[in-house]
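# What the coordinates show
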Amino acid sequence: MKPETNFNRRREEFPTLASGIHLLSHSLGPVPRAVRESMNAYAEAWEHHTSEDAWATSWWEMSTEVGDRIARILSAEPGSVQVQPNASIALSSVASCFDFKDNDRNKIVTSALDFPSMQYIWDAQSRIGATVEVVHSDDGITVPLKHILNAIDDTTCLVALSHVSFRSSYRVDARAIVERAHKHGALVLLDIYQSAGAVELFPRDWEIDFLIGGTIKWLCGGPACGYLYVRPDLQKELAPRLTGWVAHAEPFAFAEAPMSYVDSVRRFAQGTPGIPALYSVLPGLQIIEEVGVKTIQAESQRRTEWMIDFALEHGWKVNSPRDVNDRGASVMIYVDDGPAMVTRLNERKVFVDCRPGVGLRISPHFFNTDEEVREAMGILAEMMKSI
Ligand SMILES: Cc1ncc(COP(=O)(O)O)c(C=O)c1O
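So, a few notes on the structure that sits alongside this text. In every chain, residue numbers begin from 1 and rise along the written sequence. Under the rules for a predicted model, residues below a pLDDT of 70 receive no local features and side-chain atom pairs below 80 are neither given nor counted, while totals for whole chains, interfaces and linings still include all residues. Only hydrogens and water are set aside when side-chain values are computed; all heavy atoms of the structure are taken into account.

### Thoughts on the pairing of strand β12 (residues 359–362)
For two strands to count as paired, DSSP must find a minimum of two bridges between them. Strands here are runs of E lasting at least two residues and helices are runs of H or I lasting at least four, both read from the DSSP assignment and numbered beginning at the N terminus. Sheet analysis places strand β9 (residues 331–333) next to β12, joined by 3 bridges and oriented antiparallel. Among the inter-strand pairings, M332 is bridged to a residue of β12, identified as R361. For strand β11 (residues 353–355) and β12, the ladder comprises 3 bridges, and the chain directions are antiparallel. Opposite R355, over in β12, you have G359 as the bridge partner. Count of turn residues in the β11/β12 antiparallel hairpin: 3 residues, of which G357 carries a positive phi of about 80 degrees.

### Remarks on the sheet that holds β11
In spatial order, the strands read β9-β12-β11; together these 3 strands make up an open sheet with antiparallel pairing. The open sheet is flanked by β9 and β11, the only strands paired with a single partner. With strand direction ignored, the average angle separating the axes of adjacent strands in the sheet is 35 degrees. Geometry is summarised by axes, namely lines fitted to C-alpha atoms with helices restricted to the contacting stretch, and by angles between N-to-C directions that run from 0 to 180 degrees.

### Considering helix α4 (residues 116–125)
Since one α-helical turn is 3.6 residues long, residues separated by three or four positions face the same way. When accessible area is computed with a 1.4 Å probe and restricted to protein chains, residues below 20% of their type maximum are described as buried, those above 50% as exposed, and intermediate ones as partly exposed. Buried residues of α4: S117, M118, I121, W122 and Q125, and no others. Along the axis of α4, the buried residues cluster in a sector spanning 130 degrees; they form a single face. Residues of α4 that are exposed and point over 90 degrees away from its buried face: Y120 and D123. Here, two residues are considered to be in contact whenever any of their heavy atoms come within 4.5 Å of each other. Those residues of α4 hidden inside the fold are in contact with α3 (87–95), β3 (107–111), β4 (131–135), β5 (156–162), β6 (187–191) and β7 (210–214). Arc definition: it is the arc formed by the directions from the helix axis to the C-beta atoms.

### Some points on the sheet that holds strand β2 (residues 81–84)
Adjacent strands of a sheet form backbone hydrogen bonds with each other and so pair up, either parallel or antiparallel. Pairing is mixed across the open sheet formed by 7 strands, whose spatial order is β2-β8-β7-β6-β5-β3-β4. In the strand order of this sheet, the two ends are held by β2 and β4, each with one partner. Pairs of neighbouring strands in the sheet enclose a mean axial angle of 20 degrees, with direction left out of account. In the sheet, β6 pairs with β7 via 3 bridges, with the strands oriented parallel. For L190, the partnering residue across the bridge sits in β7 and is L211. The sheet strands contacting helix α2 (residues 53–73) are β2 and β8 (226–230), and the helix crosses β2 at an angle near 115 degrees. This element, helix α6 (residues 174–183), spans β5 and β6 of the sheet and lies at about 155 degrees to β6.

### Considering the packing of aromatic side chains
Pairs were defined over the aromatic rings of Phe, Tyr and Trp, the Trp ring being its six-membered one, requiring ring centres within 6.5 Å. Orientation was assigned from the angle between planes: stacked under 30 degrees, edge-to-face over 60, tilted for the rest. Tallied over the entire structure, the rule returns 15 aromatic pairs. Between F115 and F166 the ring centres are 5.0 Å apart and the planes differ by 70 degrees, which places this aromatic pair in the edge-to-face class. Residue F115 is located in the loop between β3 and α4, and its partner F166 is located in the loop between β5 and α6; the two are separated by 51 residues in the primary sequence. Note on F115: relative accessible area 35%, which makes it partly exposed. Members of the aromatic cluster, connected to one another through ring pairs, are W60, W245, F252 and F254. Only lysine NZ and arginine CZ atoms are considered, and such an atom sits over a ring when it is within 6 Å of the ring centre and within 35 degrees of the ring normal. It is K217 that lies over the ring of Y193; its NZ or CZ is 4.8 Å from the centre.

### A look at the layout of surface pockets
As a volume, the largest pocket reaches approximately 320 Å³. Note on definitions: the grid is 1 Å and covers protein atoms alone; a cavity is a set of points where a 1.4 Å probe fits but cannot get out; a pocket is an open set with protein on both sides within 12 Å along at least five of seven lines; lining residues have an atom within 4 Å of a point. Lining of the largest pocket is provided by 23 residues; of these, A87, F115, M118, Y193 and K217 occupy positions nearest its centre. Secondary-structure elements contributing two or more residues to the lining of the largest pocket are α3 and α4. Three classes are used: nonpolar for Ala, Val, Leu, Ile, Met, Phe, Trp, Tyr, Cys and Pro, charged for Asp, Glu, Lys and Arg, and polar for all others, with Gly counted as polar. Counted by class, the lining of the largest pocket contains 10 nonpolar, 9 polar and 4 charged residues. Grid points are joined across faces, edges and corners, and a volume is the space filled by probe spheres set on the points. As a volume, the second largest pocket reaches approximately 250 Å³. R171, V172, D173, A174 and N325 are, among the 13 residues lining the second largest pocket, the residues nearest its centre.

### Topic: the side chain of K107
As for its placement among the helices and strands, K107 is situated in strand β3. Relative accessible area serves as the criterion here: at 8%, K107 is assigned to the buried category. Counted as a polar contact is a pair of N or O atoms within 3.5 Å, where, for protein atoms, one must be capable of donating a hydrogen and the other of accepting one, and residues adjacent in sequence contribute only when both atoms are in side chains. Looking at K107, its side chain comes within polar contact range of the side chain of E133, at 2.9 Å. Side chain to side chain, K107 and D153 meet in a polar contact 3.2 Å long. Those residues in contact with K107 that lie beyond four places of it in its chain are T131, E133, A151, D153, T155, T156, C157 and L158.

Shown next as structure tokens:
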């Protein structure tokens, strides 16, 4: 492995790390110690609220604060991110901005490597007139850029893909896709759940239209805090049908329909935000911001390169791209019986998971030491030998 980078891994701030080697950031990040304090602050404040003063004194601003913190991690501008209950709702909000029926521009381009929720949501849109083209993956690891670009034409309204696939860690070329889509009058959405916090993002350079994701994985946040980025100059052109009173220009006027959307990213909100979830994600977001995504990505690339070399030297099948520019921060290694191997590794305090057809998913994050990464791969080598 190339020499270790010297920076504060903040290990003492994550109690979970004492229980073993945590290589699960693609699924569930470890909880920062400071979350307990943050949740106590929430309970404390709640005990002292009477009724609407909760909104006036803290709850209303909380969504904006968390949205702007996430925006900073995504290298996006303030006012471009609206928190959402989860990534599936964030995608549904975007889907609800399109009229597919009796529209010549009704095609959604997706890929076979996207997260299943995303596929279900697009499939459901076909009931209201959308044509869904799922770009195939021949090897189950990659989707050739050329195939994605060829699927985009003048009938395409949206290209919606995983930036980094949960299945193989394959990373798409965002800039090339946006360039082609915009040339054909289509918009582009990337699901960055598996890249935000571990891979540098350039939404402004890419001129990307939408980003969706959540905080539970690489951002060391908790569950039930998703987010949606919408390109600032596009926001006002859209009127999501998935809506609610929080998206209204004057929410506390409790005006009758029709809806009058606010002129900000809040127009993509729905109802009361998950306030406890917002409190729970703040410490993790702060740590990620302080460590810095640039540092995290460099560390990730150094370790995943070594892991892939190690795997190939041992003759294992790696189900992630070999080129560092084509992958995210996880490495997938094929094993015949994934669940059994995960159990055996867990018994040795190595925490990874598996997916059908893919094998193990292994994800070093900034808080892991090189020693841990070496030890985990060494234990895996012992187990592979004894199969
Ligand atoms: C790439 C990707 N997108 C979406 C999701 C699901 O997100 P949510 O549960 O917030 O809808 C996941 C969860 O594992 C994921 O890995």
